[in-house]
Amino acid sequence: MSELQNIDSLFVANTYNRFPIEIKEGNGSILKDFNGKEYIDLGSGIGVTIFGINDKPWKDAVINQINTLQHASNLYYTKPCADLAKALCEKTGMKKVFFGNSGAEANECAIKVARKYAEEKKGNDYYKIITLVNSFHGRTITTLAATGQDVFHKSFTPLTDGFLYAKANDVDGLKELVKNNKVAAIMFECVQGEGGVLPLNADFIKAIDDICKSEDILMVVDEVQTGNGRTGKMYAYMNFGINPDIVSTAKGLGGGLPIGACLMNEKVQNVLKFGDHGSTFGGNPVACAGALSIVNRIDDKLLDDVKAKSEYVFNSLNGSEGIESVSGLGLMIGIKTVKPAKEVVLKCMEKGVICLTAKDKVRLLPALNINMEDLKKAVEIIKEVAKEN
Ligand SMILES: *Cc1c(COP(=O)(O)O)cnc(C)c1O
């Protein structure tokens, strides 16, 4: 074990089973370790560095803001926070934004808004929130409760009360839950990320939309992983012709600094009042300046490019020896390999390609601007590894 790995394992909490590589630096979608070995990065730090490492516009925005004002708190007005909220609203038609520092916090805000809206509208017994089996919404006690996977709940009960789990794509099951409970909101990922890169059926999403409208239930879409261009639209819900009441996002929005955002439409924009919610770091000027440079570059040209690259990856992997299926949307891609996913990921790493896993799949979340040449090289290596004995 190297010196760095030794110190890390002695002093950093054992919550991460790290891969045995030490990343030193990078450029675009190329990462370099301390031995000078290069990797093509198809993980982008779990969907965060969507314009790659060493992204000049983002760096310029961040460094410029660092040289101006690093932090002020939410007691005062700061420009990057206001500008980013405006840009997000203009891109989505949403009306207000609350900033936190992570995906979990964005979802916490969404849950608080949903509970308060329902309490005021229907009474305080209307607090149930339906999420989906196999979902992932974060690691705090409440967002764990929202996460419909028992493995994450073990050892941390009692979790926050009030979450019900519907089976994805089971419209009748969902209707039954709504009928038998006092429901404030339905919360879902359009493509379940950690759950195995599984897009929901368009019919199921349409049914959620219908139910929410007819029952005055809030629709909350978790776009922490799917958002910010990842699926070929600014937000994944835009692929399905729906208009959520609340959208949470994080990961790619930050481009490399921590940020989370909860977007609220006209129906819920004024639910939170002075003192109802807050975050010391939320809306930090440096994080917001960086995020604004990201949001401003998610345009039709980039999104078309995401779709073209997605098509290339799907076509290239589908039917290749050792690959059972390919799922996902845009540049959020899950690969079911004959070999165990972890083994494929380790072999790819040896050969200079970094991939992620999600459940039993190999998961790809490359930078949206990865160049075609690197993408092709990496996909060829995945295919080679998947078919080798
Ligand atoms: C990653 C993720 C989260 C949690 O985000 P953190 O920033 O780790 O708190 C929540 N929801 C989804 C869909 C995610 O992919």
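Residues numbered from 1 in each chain as written. Predicted model: local features only at pLDDT ≥ 70, side-chain atom pairs only at ≥ 80, totals over all residues. Heavy atoms only, no water.

A. Looking closely at helix α4 (residues 79-92). Helix length check: α4, at 14 residues, gives a terminal C-alpha distance of 20 Å against a target of 20 Å (1.5 Å per residue), a fit within 8%. As for α4, its buried residues are in contact with α3 (56-66), β4 (96-100), β12 (260-264) and α10 (285-295). (Helix = DSSP H or I, 4+ residues; strand = E, 2+ residues; numbered from the N terminus. Expected span 1.5 Å × (residues − 1). Contact = heavy atoms within 4.5 Å.)

B. Looking closely at the domain arrangement of the protein. Each assigned domain of the protein is listed here: domain 1 (3-54 + 300-387) and domain 2 (58-295). Averaged C-alpha coordinates put domain 1 and domain 2 at centres separated by 26 Å. With 26 residues of domain 1 at the interface, the matching set in domain 2 holds 28 residues. At the boundary of domain 1 with domain 2, total buried surface from both sides reaches about 2,100 Å², with 62% on carbon and sulfur atoms. In this assembly, domain 1 and domain 2 are joined by one salt bridge. A salt bridge links Arg 363 to Glu 194, with the nearest nitrogen and oxygen atoms 3.1 Å apart. For the pair domain 1 and domain 2, the number of links is 10 residue pairs in polar contact (both at pLDDT 80 or more). Elements represented by at least two residues in the side of domain 1 that touches domain 2 include exactly α2 (44-47), α11 (300-317), β13 (323-329), β14 (332-337) and β17 (361-364). The residue makeup of the side of domain 1 that touches domain 2, split by class, is 14 nonpolar, eight polar and four charged. (Domains from an automatic or database assignment. Buried area = accessible area lost by both parts, 1.4 Å probe. Salt bridge = Lys/Arg side-chain N within 4 Å of Asp/Glu carboxyl O. Polar contact = N/O pair within 3.5 Å; in protein donor to acceptor, adjacent residues only side chain to side chain. Nonpolar A, V, L, I, M, F, W, Y, C, P; charged D, E, K, R; others polar.)

C. Main features of the sheet that holds strand β7 (residues 183-188). Sheet architecture is open: seven strands sit in the order β4-β12-β11-β10-β7-β5-β6, paired in mixed fashion. Taken across any chain shown, the strands that pair with only one partner, and hence form the sheet edges, are β4 and β6 (163-166). With strand direction ignored, the average angle separating the axes of adjacent strands in the sheet is 20 degrees. Judged from the three bridges that link them, strand β5 (residues 128-132) and β7 form a sheet pairing that is parallel. For Ile 129, the partnering residue across the bridge sits in β7 and is Ala 185. (Pairing = 2+ DSSP bridges. Axes fitted to C-alpha atoms, helices over the stretch in contact; angles between N-to-C directions.)

D. Region of the structure containing the pattern of salt bridges. Taken as a whole and judged by the stated rule, the model has 21 salt bridges. Of the charged contacts, one joins Lys 267 and Asp 216 as a salt bridge, the two residues approaching to 3.1 Å between their closest N and O atoms. Taken together, the residues span a long stretch of sequence, with Lys 267 in the loop between β12 and α10 and Asp 216 in the loop between α9 (202-215) and β10 (218-222) at a distance of 51 residues. Of the residues examined, Lys 267 reaches a relative accessible area of 35% and is grouped as partly exposed. Sharing partners across several salt bridges, the network here consists of Lys 116, Glu 120 and Asp 276. (Buried < 20%, exposed > 50% of the residue type's maximum accessible area, 1.4 Å probe, protein only.)

E. Broad picture of the side chain of Asp 374. Tracing the sequence through the fold places Asp 374 in helix α13 (residues 372-387). Although buried, Asp 374 forms no salt bridge, and the nearest oppositely charged side chain, Lys 377, lies 4.3 Å from it. In this structure Asp 374 touches Ile 30 and Ile 40, once residues within four positions along its chain are discounted. (Lys, Arg positive; Asp, Glu negative; His and termini not counted.)

F. Region of interest: the site of the ligand. Taken together, Ser 102, Gly 103, Ala 104, Asn 107, Phe 136, His 137, Gly 138, Glu 189, Asp 222, Val 224, Gln 225 and Lys 251 make up all the residues around the ligand. Contact distances for the ligand include 2.8 Å between an oxygen atom and a backbone N or O atom of Gly 103. At 2.8 Å from an oxygen atom of the ligand is found a side-chain nitrogen or oxygen belonging to Gln 225. In isolation the ligand exposes 380 Å². Once the protein is present, 82% of that is buried. Residue contributions to the shell around the ligand peak at three residues, all from helix α5 (residues 103-122). For the shell around the ligand, a count of residues per class yields three nonpolar, six polar and three charged. (Near = heavy atom within 4 Å. Areas by Shrake-Rupley, 256 points an atom, 1.4 Å probe, with all protein chains shown as cover.)

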